[in-house]
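# Inside the fold
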Amino acid sequence: MQRYVKNWNLLDTAIYYIEIFAAKIKQHLHEEAEPAVEEIIDAETQYLQEEIIHYRAHQRPGWIVDQQGTYCCPECRKGIASELIDDYKIKYCPECGKRIVKHQPLTLGKEETA
Ligand SMILES: [Zn+2]
């Protein structure tokens, strides 16, 4: 019986130490988790900033290329029907979505140029 109790005590002690060990690992993981989360947020922020720069660059208007009455996009170089530009005054390339403006004399200043 004595031995049995002693073994139980040993097991109990072992469990106790395992619990402490687990708690330490948990604490360690928790401490580690903080910078990891920050890293994720930093990476995510950087990704979003790059995306914003990309979209801003995309939204900077480009002059519509005028080739003797036929137009093409300054970005993707795909042809754009003249009716779309002359009649509908589209502001974005139907192919790639690039913001486009038609070059106009300054005296007509009403048209958005920037
Ligand atoms: Zn385009």
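Above this note sits the structure.
Below or above, wherever it landed, is the structure these notes cover. Keep in mind it's a predicted model, so treat the numbers as computed, not measured.

### Focus: unusual backbone geometry
Even without being glycine, R77 reaches a positive phi, approximately 65°. With respect to the helices and strands, the residue R77 is situated in the loop between β3 (70–72) and β4 (79–80). Under the relative-accessibility criterion, R77 is labelled exposed at 54%. The phi torsion at K89 lies on the positive side, around 50°, for a residue other than glycine. Note that K89 resides in the loop between α2 (82–86) and β5 (100–101). Overall, the relative accessible area of 44% leaves K89 in the partly exposed class.

### Some words on the coordination of the zinc ion
Taken together, the protein donors to the zinc ion comprise C73 (SG), C76 (SG), C93 (SG) and C96 (SG), at separations of 2.2 to 2.3 Å. The coordination sphere of the zinc ion comprises four donor atoms, whose angles at the metal cover 106 to 112°; the geometry is tetrahedral. Mapped onto the sequence, the donors of the zinc ion take the spacing C-x2-C-x16-C-x2-C. Residue C73 is located in the loop between β3 and β4, and its partner C96 is located in the loop between α2 and β5; the two are separated by 23 residues in the primary sequence.

### Regarding the sheet that holds β3
Strands in a sheet are paired, the pairing made by backbone hydrogen bonds, and the direction either parallel or antiparallel. Read from one edge to the other, the open sheet built from three strands follows the order β2-β3-β4, with strand pairing classed as antiparallel. Among the strands making up the open sheet, the edge pair consists of β2 (65–67) and β4. In the sheet, β2 pairs with β3 via three bridges, with the strands oriented antiparallel. The partner of V65 across the bridge, within β3, is C72.

### Overview of the pattern of salt bridges
Where charged atoms of side chains with opposite charge meet at close range, the side chains can pair. A complete count under the given rule lists two salt bridges for this structure. For K98, the salt bridge identified is with E75, shortest N-O distance 3.9 Å. One end of the pair, K98, is in the loop between α2 and β5; the other, E75, is in the loop between β3 and β4, with 23 residues separating them in the sequence. Judged by its relative accessible area of 44%, E75 is partly exposed. Ionic pairing is found between D86 and K102, a salt bridge with its closest N-O pair at 2.9 Å. In this pair, D86 is assigned in helix α2 and K102 in the segment after β5, connecting sequence segments 16 residues apart. In this structure D86 comes out as partly exposed when scored by relative accessible area, which is 30%.

### Here we look at a nonpolar patch on the surface
A cluster of nonpolar side chains, W8, L11 and I15, forms an exposed patch at the surface whose accessible area comes to about 290 Å². Tracing the sequence through the fold places L11 in helix α1 (residues 2–59). We classify L11 as partly exposed; its relative accessible area is 42%.

Calculation criteria
Residues numbered from 1 in each chain as written. Predicted model: local features only at pLDDT ≥ 70, side-chain atom pairs only at ≥ 80, totals over all residues. Heavy atoms only, no water. Helix = DSSP H or I, 4+ residues; strand = E, 2+ residues; numbered from the N terminus. Buried < 20%, exposed > 50% of the residue type's maximum accessible area, 1.4 Å probe, protein only. Donors = N, O, S within 2.8 Å, 3.2 Å for Na, K, Ca; no water. Tetrahedral: all angles 85-135°; square planar, octahedral: opposite > 155°, others 65-115°. Pairing = 2+ DSSP bridges. Salt bridge = Lys/Arg side-chain N within 4 Å of Asp/Glu carboxyl O. Patch = residues over 30% accessible without salt bridge, like charges linked within 9 Å, V, L, I, M, F, W, Y side chains within 5 Å. Areas by Shrake-Rupley, 256 points an atom, 1.4 Å probe, with all protein chains shown as cover.

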